[in-house]
Amino acid sequence: MSNETARLQMSLLMPAQAQKHVTVNEALMRLDGLVNLVLESVSTAVPPGTVLDGQCWGVPQGATGDWSGQDEAIAIGSNGGWLFVPPRAGMRAFVRDCGADAVHDGAGWAVGALTMGQGGSGLIAGIAEGEVTLTAGATVITGIVIPGGAMVIGATARVKDAITGTLTSWRLGTMDGTDRFGRGLGTAQDSWARGMLGTPMTYWQPEPLILTADGGEFAGGRVALAVHWLEMRLPS
């Protein structure tokens, strides 16, 4: 008989065991981290300077420090140190720094997976977001990029700091369609755009989101942007 559980590797109590509370408390710490699992990141290779009880991370390949040698494990903060649990195929988690759910395929976390076949193929929902500080000119090419092979559903925007300049309105799109996600957009703080495409569009090459001024040019301002897409994951 094993001394620990098969899935979460929680130590079992033994007959006449001393200090049973130590075993029970460690098992509770594992459960506290793993139930409704939230991973802070699955790509951060350096452990945080402060360990928070119950905070979980997906340890990537080549991690350093206290995570060295724990590639692909789930690291759970516990009493100033770490408990490590190997994930199993089919486990689900919310990955905080990606803003998306993930499914473990037995080898790694598939972030954004809506489905996951036994052969590793699946349908992935993706999002890229960020805030853009506008600079002087008629167009602003952002660092928010649609990946190649993505079927875009739409893009959203909200003006965080009022857009200034000689423009009367602005457009949101990409190089081959500068108003694909909206035109006649407002410049006042909290103005917004919800550019849902009537027909989803597949981008075969990476394309950045572009803001274009109408009736003049940008001088300043700050806009939060997000673009949403679906993509198909290849079999393993």
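For the structure given in this document, a descriptive report is provided here. (Residues numbered from 1 in each chain as written. Predicted model: local features only at pLDDT ≥ 70, side-chain atom pairs only at ≥ 80, totals over all residues. Heavy atoms only, no water.)

### A few points about the packing of aromatic side chains
Throughout the structure, instances matching the rule amount to two aromatic pairs. The interplanar angle of 50° and the centroid separation of 5.7 Å between the aromatic rings of Trp-57 and Trp-67 together place this pair among those described as tilted. Of the two residues, Trp-57 sits in strand β2 (residues 56-58) while Trp-67 sits in the loop between β2 and β3 (74-78), which places them 10 residues apart along the sequence. Accessibility classification places Trp-57 together with Trp-67 in one group, the buried group. Seen in terms of ring centroids, Trp-67 and Trp-82 are 5.4 Å apart; in terms of plane orientation they differ by 75°. Their pairing is edge-to-face. (Phe/Tyr/Trp six-rings, centres within 6.5 Å; stacked < 30°, edge-to-face > 60°. Helix = DSSP H or I, 4+ residues; strand = E, 2+ residues; numbered from the N terminus. Buried < 20%, exposed > 50% of the residue type's maximum accessible area, 1.4 Å probe, protein only.)

### Some words on the sheet that holds strand β15 (residues 218-233)
Ordered in space as β8-β15-β10-β13, the four strands form an open sheet in which the pairing is antiparallel. Only two strands of the sheet have a single neighbouring strand rather than two, namely β8 (122-133) and β13 (192-203). Across the sheet, the mean angle from the axis of one strand to that of its neighbour is 15°, orientation sign disregarded. Bridge count for strand β10 (residues 150-165) against β13 is eight bridges, and the pairing is antiparallel. Looking at β13, one finds that Ala-157 is bridged to Ala-193. (Pairing = 2+ DSSP bridges. Axes fitted to C-alpha atoms, helices over the stretch in contact; angles between N-to-C directions.)

### Things to note about helix α1 (residues 20-34)
With 15 residues, α1 ought to run about 21 Å at 1.5 Å a step, and its terminal C-alpha atoms sit 22 Å apart, in line with that. Looking only at α1, the buried set comprises Thr-23, Ala-27, Met-29, Arg-30, Gly-33 and Leu-34. For α1, the angular spread of buried residues about the axis comes to 155°, placing them on one side. Structurally, α1 contributes buried residues whose contacts are with β2, β3 and β4 (81-85). (Expected span 1.5 Å × (residues − 1). Arc of directions from axis to C-beta. Contact = heavy atoms within 4.5 Å.)

### Digging into the side chain of Asp-214
Among the structural elements, Asp-214 can be located in strand β14 (residues 207-214). There is a polar contact of 2.8 Å between the side chain of Asp-214 and the side chain of Arg-171. Contacts of Asp-214, omitting those with residues within four sequence positions, involve Leu-167, Thr-168, Ser-169, Trp-170, Arg-171 and Arg-183. (Polar contact = N/O pair within 3.5 Å; in protein donor to acceptor, adjacent residues only side chain to side chain.)

### Some points on the environment of Gly-58
On the secondary structure map, Gly-58 appears in strand β2. With relative accessibility at 3%, the residue Gly-58 sits in the buried group. Between the alpha carbons of Gly-58 and Ser-43 there is a distance of 7.3 Å; along the sequence they are 15 residues apart. When neighbours within four sequence positions are excluded, Gly-58 is seen to be in contact with Leu-39, Ser-41, Val-42, Ser-43 and Ala-73.

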